[in-house]
Amino acid sequence: MADAKRSPLAFMTSALAEAEVPDAVALRELSPRTQIDLRGEVADPAFAGTVESALRLTLPRTPNRVADAGGLLALWLGPDEWLLVGPEASDLEARLRSALSGQHVAITDVSANRTVLELGGPKAREILNKGCPLDLDPRVFGPGQCAQSILARAQLLLHQRDIEPTYHLYVRGSFAFYAASWLIDAMKEYRFAKRGGRRER
Amino acid sequence: MNGAYRLPGKGRVDHERRLNFNFNGRRYEGLAGDTLASALLANGVVLVARSFKYHRPRGIMTAGAEEPNALVQLETGPWSEPNIRATQIELYSGLEARSVNAWPSVGFDIGALNGLFARLFVAGFYYKTFMRPKLLWERLYEPAIRRMAGMGKAPTTPDPEIYDKMHAHCDLLVVGGGPAGLAAALAGARSDARVFLVDEQNELGGSLLSRRAEIEGAPAMEWVAKAVEELEARANVTLLTRASAFGYYDHNYLGVVERRTDHIAPSRRPLIARQRLWHLRAKEVVLATGAIERPLVFADNDRPGIMLASAAQSYVNRYGLAPGKRAVVFTNNDGAYEAALDLLDAGVEVAAIVDPRSKPEGELAALARKRGIEVLASAAITATRGRKRIAAVEVMALEGDRVRGPRAWIGCDLLAMSGGWTPTVHLFCQAKGRLRYDATKACLVPDVIAQATHVTGAANGGFELAAVLGEGFAAGRAAASRAGFESPEAPPITATSYRESPLHPLWIVPSVKPLGRGHGKHFVDFQNDITAADILLAAREGYESVEHLKRYTTTGMGTDQGKLSNVNALAILSGTLGQSIPETGTTTFRAPYTPVSYGVLAGRDIGDLSDPIRITAIHEWHLERGAVFEDVGQWKRPWYFPRKNEDMAAALKRECKAVRESVGVLDASTLGKIDIQGPDAVEFLNRIYTNGWSTLTYGQSRYGMMCHEDGMVFDDGVTTRLGENRFLMTTTTGNAGPVLDWLESWLQTEWPELRVYCTSVTDQWVTVSIAGPKARKLLGELAPEIALDGESFPFMTFRQGKVAGVEARLFRVSFTGELSFEINVPSWHGLHVWEAVMATGEKHGITPYGTETMHVLRAEKGFVIVGQDTDGTVTPEDLGMGWIVSKKKDFLGRRSFARVDTARSDRKQLVGLLPDDPKEVLPEGTQLVGDANARSPMARSLMVGHVTSSYASAVLERSFALALVKGGRARIGETLYAPLVGKTVAARITEPVFFDPKNERRDG
């Protein structure tokens, strides 16, 4: 299939699955989705209003918030930047382009720029905090929030989905192998803790 | 001799759980709950080390982090660790340790001969003796001194342990789990603030673990147990024991090492990180770090069996052992009387308490007298005896700063001393807090805080238990309140309390002979063998600044960083200079508080995780085809694709030939790509690039070069106009990030009026670059819908359409000089398109090639690589690319071209080089000279340039190079020489374009 999409971690699917520690943490790569980087002046009603009516979604103005309109997400990346995330086959870019034509905006298809890893389970927060300096305590960071940070030495766009907690980790395609390898390594200790594993010498 | 000094049933050790261990090759038995130090003392092992300089016998002096003597090499082989304090090693079954500073053994030490020449080993001895000749210092003196003095040995095999890191945030971080810290943590916990309590011991309680104090009428440890229970039960509290807060940085950011499995035998450790580095960020920090007792500086105060009074107390009460059978206590304050009473109650004979004060009349002194202990007031210890263990002390009457009268010798095997207490202010000072001198307590105490810090308990100079508990609660409440949480007020707590006589500072205890005369040594810094006489000498020689004193004498250096010695040294220096202690000041406190292993600082950033390995979407294919990879920044790029039995040279020759004769394919996905949009994009590009962009129309591409303000080449690449207000900029692989930062910094700070947005799309696109005479034919088969002929799709233009069934962007650019197309597709289609190119190209002889072939082909064409042929000191003009510098507009770096320096005619300029011997490939970086007889190493004045790129060319059938040569363009035709090891290579300067100078091949 010519248009079959091969995700950056397609070759690691089984390694990701095998890293799972039941009742502690699971990791998988999500299927491709449409991602549009949108830049514009949110204080300008022509921009915010047009986006709102075109997408039926209000762009979040509070830093690090995610707006969710029936599965179409808008992640706040900066005062004038959002990442719109929708289903794989989506005319998001075209709709925005026609609605915002004539305005000074930037609409950039970045669907293949980052892949999305889903890390979930009671230990997910702790695992992230081994390499991510953000305060992820539920008092501070919860579902519906996002933040740009690092995971060890890779760029990370983090989005918390639910209170389990489940996180979506947006990482650049070229860094995905590193990020996944780092996560699998960080997950190991819980597997050993479960088995009561001792070192073989 | 197992446990001869053990006190049955006493202490916090488990008398039922016996643990075998090995020290200096001998087997011993200890108990669960012991440290290595306590287990040794329980076995009567006092002598554990030799001193650093004089190789004097040394014993365990403390029971904590301040230990200067009992340093051991812990474990063997890959688990071996040097210089670990025996006082902080939790005993486990099978533990193996050796003294670090004794050769051939602690009992018989050749180096002790140094003691006979002690007069030679004065302050600055090494500087004075071994300075000349310089060569001997490097070759002979230093290695020999290091072997003699050498602390432990670093292991030579890889560490099998895992280390990791953890980031955490809290409202309240309490450092220290003693009475003050526990009280502060309780107050914080009850406020619902997020509390971290960090303590270096295996058990919370701090000083209470070692004392027989009472709180609320019950043993203090019962109060501790209740406090810990409450803290453990609260979800808002995290307790970290066996965790040392070693560094306090800006913004209330602290480093903590948690030792998770160090207390378990290596063979039995669970497979978790042995140590974890916590990065803690706290809104408020409460430092309850306690205090460290000071030794007294008297003659021969270093014999084994001499220890801090608090240590003796700790060994009795916490570890259930008698550190001796007959003790003398030497103290200038009331605290050590409590130790004397504890020793007495443990069955140790207390021969005398020697007290320089004329009237020690506190409650504890009265109690001691009542219990029959002889208290010698206005007295001092003036000498000691005993080679491998103290045997007796000489006591004389003290009058002012002199001793007089008869000398009385008192036999003992333990001398417990106390010169007062030094608050542990390391973290406080690292946080840039300032100290003041408290003359009553004779110590430096926190004064001005610099961050959101609270100091409480002994760390703040509070040494009275009930008060400390109250202050701890108050500090916890205050900290919680400042973090936005309210904590209920706690009722006052009663605790053991004694009325005390004030301490009498006695910085140097006099002897009959003046300091430095006779045999007695008044040690100040035990680890570095620095005496009071050394400090006086240093002061006489002009080292009056405390920082100079430290470096000249080395006092306060080493693994203990002067925890015992700094205040004494400071006071002695002040005394000799006739100035106050505050006038003298202190040396700087630097992290870490206690040594931190490199392993835990590295964490998991080792091996394949040491730096991100960035790969393209085609990486799997490259791997399967046996590509040899090259690291380009963080990227793994195929360097070349060797076939079976093919060496690198043969592979390159084949790859180069294929591109020149048929068609080759390169994975160019790593190039940086920036999507630039906005009505001012053209103006923006005009300012960023040296060349002009106003005339670039839709669908056209242009090569651009950008400079920093200094006019030196920073990056280059092709930028394409994708639409009226939209451009795609490409950057070099290594500069993708820096270029975006550069663009953003100008947009955000200097040119905010420009309406331009930049978005990185490097990872969005895979770039499959096909090059060679058959490239058009091949692409035609893959993209039948796109007109590819030269007229429809001219050089430096862009088209969109389907390639191998996938929507693609096509760019007609060329880095090889051949007809070339760069196919860009969203990265998830990259592998598919690559494979289609390979399959369809098979009949055309398609050959995958790597970065090395790319380098050779572009160099044949004289195309530079920024970062290889440039080094940040090269202008476009130097590269012979003056044509790319616009005269009509302003741009970054333009002003610098008006500088005299950038207009010099003798600047290094890019030229070609053809070695006389066509088989000779010059090493890149080779220096060039004009003199055929010059031999390496040459004088700098002889060097006229250097080789930047050098290869064997398949198409030229000879070697060639690019070089930067002073005034090179005017020297074309001249011969230069490259003096190499064993030979000199002659090479002729040429134009930097070696192949197809008229660009006749790029259109196919």
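Values in this document were obtained by computation on a predicted structure and should not be read as measured data.

Draft legend 1. Examining the overall build of chain A more closely. The secondary structure content of chain A amounts to five helices and 10 strands. Expected size for 201 residues packed as a compact globule is a radius of gyration near 17 Å; at 18 Å, chain A falls within 12% of this value. Seen through its principal axes, chain A has C-alpha atoms that stretch 70 × 45 × 30 Å. Buried positions account for 43% of the 201 residues belonging to chain A.

Draft legend 2. Broad picture of the overall build of chain B. Summing up its helical and strand segments, chain B has 23 helices and 49 strands in all. Along the three orthogonal principal directions, the C-alpha set of chain B runs to about 115 × 70 × 55 Å. In chain B, which comprises 1004 residues, the proportion classed as buried is 55%. Excluding contacts between residues fewer than 6 apart, the proportion of contacts in chain B whose partners are at least 24 apart in sequence is 67%.

Draft legend 3. Fine view of the sheet that holds strand β7 (residues 114-120) of chain A. All names here are of chain A. As summarised here, the arrangement of the five strands in space is β1-β7-β10-β9-β8, forming an open sheet in which the pairing is antiparallel. Two strands lie at the open edges of the sheet, namely β1 (26-29) and β8 (146-151), each paired on one side alone. Strand-to-strand twist of the sheet, defined as the mean angle between neighbouring strand axes without regard to direction, takes the value 30°. The pairing of β7 with strand β10 (residues 166-172) spans seven bridges and is classified as antiparallel. Each residue of the ladder has a partner; that of Val-116, found in β10, is Tyr-170.

Draft legend 4. Quick peek at the packing of helix α17 (residues 648-661) of chain B against helix α22 (residues 851-860) of chain B. All names here are of chain B. The contact between α17 and α22 brings their axes to 9 Å, and the two run at 55°. One finds that α17 runs oblique with respect to α22. Two packed elements cross with a definite hand, and for α17 against α22 that hand is right-handed. When α17 is examined against α22, the residues Leu-652, Glu-655, Cys-656 and Val-659 are found in contact with a partner set consisting of Glu-852, Thr-853, Val-856 and Leu-857. When grouped by side-chain class, the residues that make up the contact of α17 with α22 number five nonpolar, one polar and two charged.

Draft legend 5. Just the interface of chain A and chain B, in detail. Counting from both sides, the interface comprises 42 residues of chain A and, opposite them, 45 residues of chain B. Elements represented by at least two residues in the side of chain A that touches chain B include exactly β2 (34-39), β6 (106-109) and α5 (176-195) of chain A. Here the side of chain A that touches chain B takes eight residues from α5(A), the largest share from any one element. Taken together, the residues of the side of chain A that touches chain B sort by class into 16 nonpolar, 10 polar and 16 charged.

Draft legend 6. Representation of the nonpolar core. Formed by 188 residues in total, the largest nonpolar core has its most connected members in Leu173(B), Val174(B), Val329(B), Ala340(B) and Ala416(B). Looking at this core element by element, the count peaks at eight residues for helix α4 (residues 179-190) of chain B. Every residue in contact with Leu173(B), bar those within four places of it in the chain, is listed here: Phe196(B), Val198(B), Leu254(B), Leu280(B), Ala282(B) and Val285(B). Core analysis: the second largest hydrophobic core is formed by 164 residues, Ala19(A), Leu92(A), Ala179(A) and Leu747(B) among them.

Draft legend 7. Molecular detail of the environment of Ser31(A). As for its position among the elements, Ser31(A) is in the loop between β1 and β2. Between the alpha carbons of Ser31(A) and Thr115(A) there is a distance of 8.4 Å; along the sequence they are 84 residues apart.

Draft legend 8. Molecular detail of the sheet that holds strand β42 (residues 820-826) of chain B. All names here are of chain B. Taking strand neighbours across the sheet as the criterion, the six strands line up as β40-β41-β42-β39-β33-β43 in an open arrangement whose pairing is mixed. Looking along the sheet, the strands with just one partner apiece sit at the ends: β40 (798-803) and β43 (847-848). In terms of strand pairing, strand β33 (residues 664-667) meets strand β39 (residues 765-771) through four bridges, oriented antiparallel. Bridge assignment links Val-665 to a residue of β39, and that residue is Ile-770. This element, helix α20 (residues 775-782), spans β39, β40 and β42 of the sheet and lies at about 135° to β39.

Draft legend 9. Spotlight on unusual backbone geometry. In this model, Glu164(A) is joined to Pro165(A) through a cis peptide bond whose omega is 5°. As for its placement among the helices and strands, Pro165(A) is situated in the loop between β9 (154-162) and β10. The omega torsion of the bond from Ala591(B) to Pro592(B) falls at 0°, within 30 degrees of zero and hence cis. Structurally, the position occupied by Pro592(B) is in the loop between α14 (581-584) and α15 (598-602). Not every positive phi belongs to a glycine, and Glu75(B) is a case in point at roughly 60°. Here Glu75(B) shows up in the loop between β5 (71-74) and β6 (81-85). Given 18 C-beta atoms within 10 Å, Glu75(B) falls into the partly exposed group. The phi angle at Ser378(B) is positive, at roughly 45°, despite the residue not being glycine.

Draft legend 10. Local environment of the domain arrangement of chain A. Residue and element names in this part refer to chain A. Per the domain assignment, the segments of chain A are domain 1 (12-32 + 113-194) and domain 2 (33-111). Contact residues are listed per partner, giving 12 residues for domain 1 and 11 residues for domain 2. In terms of residue count, the dominant contributor to the side of domain 1 that touches domain 2 is β8 (three residues). Of the residues contributing to the side of domain 1 that touches domain 2, the split by class is five nonpolar, six polar and one charged.

Draft legend 11. Layout of the pairing of strand β31 (residues 628-632) of chain B. Residues and elements named next belong to chain B. Judged from the five bridges that link them, β31 and strand β32 (residues 635-640) form a sheet pairing that is antiparallel. When the sheet's bridge partners are listed, Asp-631 is paired in β32 with Lys-636. Taken together, β31 and the strand that follows it, β32, pair antiparallel across an intervening segment of two residues, in which Gly-633 is found at a positive phi of about 60°.

Draft legend 12. How the structure looks around the confidence of the model for chain B. Taken residue by residue, chain B gives an average pLDDT of 94. The fraction at 70 or more is 95%. The ipTM, which scores confidence in the relative placement of chains, is 0.96 for this predicted complex, and the corresponding pTM is 0.94.

Draft legend 13. Local environment of the packing of α20(B) against helix α21 (residues 830-841) of chain B. All names here are of chain B. Running from amino to carboxyl end, α20 crosses α21 at an angle of 115°, the nearest separation of the two axes being 10 Å. The two elements α20 and α21 cross, and the hand of that crossing is right-handed. Between α20, through Leu-778, Glu-781 and Leu-782, and α21, the contact on the second element is made entirely by Ala-836, Val-837, Thr-840 and Gly-841.

Draft legend 14. Inspection of helix α8 (residues 363-370) of chain B at higher detail. Along α8(B), the residues classified as buried are Leu364(B), Ala365(B) and Ala368(B). Seen from one end, α8(B) has its buried residues packed into an arc of 100°, which puts them on one side.

Draft legend 15. A look at helix α13 (residues 566-577) of chain B. Residues and elements named next belong to chain B. Taking 1.5 Å per residue as the helical rise, α13 with its 12 residues ought to reach 16 Å, and the 16 Å between its terminal C-alpha atoms agrees with that figure. Most of α13 is tucked away, with 10 of its 12 residues classed as buried. Every buried residue belonging to α13 is among Asn-566, Val-567, Asn-568, Ala-569, Leu-570, Ala-571, Ile-572, Leu-573, Ser-574 and Gly-575, and all of these are buried. Buried positions along α13 lie against β25 (421-423), β27 (443-448), β29 (523-525), α11 (532-540), α12 (546-553) and α14.

Draft legend 16. Focus on the pairing of strand β35 (residues 701-707) of chain B. Residue and element names in this part refer to chain B. Where burial is concerned, most of β35 is hidden: five out of the seven residues are buried. Summarising the sheet, β35 and strand β36 (residues 713-723) pair through seven bridges and their orientation is antiparallel. The partner of Ser-701 across the bridge, within β36, is Thr-720. Taking the residues between adjacent antiparallel strands as the criterion, β35 and β36 are bridged by five residues, where Gly-711 takes a positive phi near 80°.

Draft legend 17. Spotlight on the environment of Ala649(B). By the secondary structure assignment, Ala649(B) is in helix α17. As for Ala649(B) and Ala952(B), which are separated by 303 residues in sequence, their C-alpha atoms are 8.3 Å apart.

Procedures and definitions
- Residues numbered from 1 in each chain as written.
- Chains lettered and ligands numbered in written order.
- Predicted model: local features only at pLDDT ≥ 70, side-chain atom pairs only at ≥ 80, totals over all residues.
- Helix = DSSP H or I, 4+ residues; strand = E, 2+ residues; numbered from the N terminus.
- Rg over C-alpha atoms; globule rule 2.2 N^0.38 Å.
- Buried ≥ 20, exposed ≤ 12 C-beta atoms within 10 Å, placed from the backbone.
- Contact = placed C-beta atoms within 7 Å.
- Pairing = 2+ DSSP bridges.
- Axes fitted to C-alpha atoms, helices over the stretch in contact; angles between N-to-C directions.
- Parallel < 35°, antiparallel > 145°, perpendicular 65-115°, else oblique.
- Left-handed = near helix turned anticlockwise from the far one by under 90°.
- Nonpolar A, V, L, I, M, F, W, Y, C, P; charged D, E, K, R; others polar.
- Core = buried A, V, L, I, M, F, W, Y, C linked by C-beta atoms within 7 Å.
- Domains from an automatic or database assignment.
- pLDDT = per-residue confidence, 0-100.
- Arc of directions from axis to C-beta.
- Expected span 1.5 Å × (residues − 1).

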